[in-house]
Amino acid sequence: MKIGKKHIILGTLVIALSAAVYLNWQFAENKSVSTTSKELGEAKYVNATVDNSAQSTLDEAVQTANMTGEQQEYFANVKNQRDQTQDKILDTANEVLQNESAESEECKSAVESIEKLLKDFTYQDSIESVLKAKGFSQCLCYISDNGCSVVVLKDEMNETSSIMIKDAVTSQVDIPFENITIAEV
């Protein structure tokens, strides 16, 4: 049998392909994914079995739900007081507007204060909604002329929570980071 150009080219291609497969196999083996490292955005398969760490997390969640009865009562009471105060301010402003003897300057001032309060109420509600969407079960937001104060549960705070809270506030209202305070309950 005579060896021609076609046989040499075919043999060379088979050797090159074999070398490529071998190198790919070697490099893929060295770059295996470590299951012990945590990475942002890492996805894991979830099955029906519960391992010890998942059980302890579940136990902590149940314990937190039991412990936060007083904290939930605190948040409910403060929200109720805040709503009552806001209602009183709005009622007072409406009385000024409906008072026939009120001067136009007083009416204008009352309208401006109502508009500012309604805007602040809307900002407070939207910030609280954003924070709840980011994983905070209970939160309160107060906006004043001096800045913004946010109250959250102490158990829900971690290394990145303050950044998330300040980001939620600045995404809704134009307040500098240094004028945002965070209180933990």
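Higher on the page you've got the structure.
Let me sum up the structure you'll find in this document.

### Re a negative patch on the surface
Here is step 1 of the chain: Together, Asp83, Asp87, Asp91, Glu95 and Asp125 give the surface a local cluster of negative charge.
Here is step 2 of the chain: Sorting elements by how many residues they give to the negative patch places helix α3 (residues 69–98) first, with four residues.
Here is step 3 of the chain: For Asp87, a relative accessible area of 44% corresponds to the partly exposed category.

### Digging into helix α4 (residues 104–133)
Here is step 1 of the chain: The end-to-end C-alpha separation of α4 is 43 Å, in line with the 44 Å expected for 30 residues at 1.5 Å each.
Here is step 2 of the chain: All of the buried residues in α4 are Cys107, Ala110, Ile114, Leu117, Asp120, Phe121, Gln124, Ile127, Glu128 and Leu131.
Here is step 3 of the chain: Where α4 is buried, its residues touch α3, β1 (139–144), β2 (147–152) and α5 (161–172).
Here is step 4 of the chain: The first or second residue beyond α4 is Gly135, which carries a positive phi of 110 degrees.

### Considering the sheet that holds β1
Here is step 1 of the chain: Ordered by their spatial adjacency, three strands build an open sheet running β1-β2-β3, and the pairing between neighbours is mixed. Whereas interior strands pair on both sides, the edge strands pair on one side only; in this sheet they are β1 and β3 (180–184). Between one strand axis and the next, the sheet turns by 15 degrees as a mean value, whatever way the strands run.
Here is step 2 of the chain: The pairing of β1 with β2 spans six bridges and is antiparallel. Its bridge partner being in β2, Tyr142 is matched across the sheet by Ser149.
Here is step 3 of the chain: Strand contacts of α3: β1 and β2, with the helix running at about 30 degrees to β1, the strand carrying the most contacts.
Here is step 4 of the chain: Along the sheet, α5 contacts β2 and β3; its crossing angle with β3, the most-contacted strand, is approximately 130 degrees.

### Considerations on the pattern of salt bridges
Here is step 1 of the chain: This structure, assessed with the given rule, holds four salt bridges.
Here is step 2 of the chain: Residue Arg82 pairs with Glu128 through a salt bridge whose shortest N-O separation is 2.8 Å. Of the two residues, Arg82 is situated in helix α3 and Glu128 in helix α4; the sequence distance between them amounts to 46 residues. For the residue pair Arg82 and Glu128, the accessibility class agrees, reading buried in each case.
Here is step 3 of the chain: Across the pair Lys134 and Asp167 runs a salt bridge, and its minimum N-O distance is 3.4 Å.

### A closer look at the packing of α4 against α5
Here is step 1 of the chain: Orientation of α4 relative to α5, taken along the N-to-C sense of each, is 140 degrees, at an axis distance of 9 Å. Here α5 runs oblique to α4, going by the angle between their axes. The crossing of α4 and α5 is right-handed. Contacts between α4 and α5 involve Tyr123, Ser126, Ile127, Val130 and Leu131 on the former and, on the latter, Met164, Ile165, Ala168, Val169 and Gln172.

Calculation criteria
- Residues numbered from 1 in each chain as written.
- Predicted model: local features only at pLDDT ≥ 70, side-chain atom pairs only at ≥ 80, totals over all residues.
- Heavy atoms only, no water.
- Patch = residues over 30% accessible without salt bridge, like charges linked within 9 Å, V, L, I, M, F, W, Y side chains within 5 Å.
- Areas by Shrake-Rupley, 256 points an atom, 1.4 Å probe, with all protein chains shown as cover.
- Salt bridge = Lys/Arg side-chain N within 4 Å of Asp/Glu carboxyl O.
- Lys, Arg positive; Asp, Glu negative; His and termini not counted.
- Charge placed at Lys NZ, Arg CZ, Asp CG, Glu CD.
- Helix = DSSP H or I, 4+ residues; strand = E, 2+ residues; numbered from the N terminus.
- Buried < 20%, exposed > 50% of the residue type's maximum accessible area, 1.4 Å probe, protein only.
- Expected span 1.5 Å × (residues − 1).
- Contact = heavy atoms within 4.5 Å.
- Pairing = 2+ DSSP bridges.
- Axes fitted to C-alpha atoms, helices over the stretch in contact; angles between N-to-C directions.
- Parallel < 35°, antiparallel > 145°, perpendicular 65-115°, else oblique.
- Left-handed = near helix turned anticlockwise from the far one by under 90°.

On their own, these measurements won't tell you what the molecule is for.
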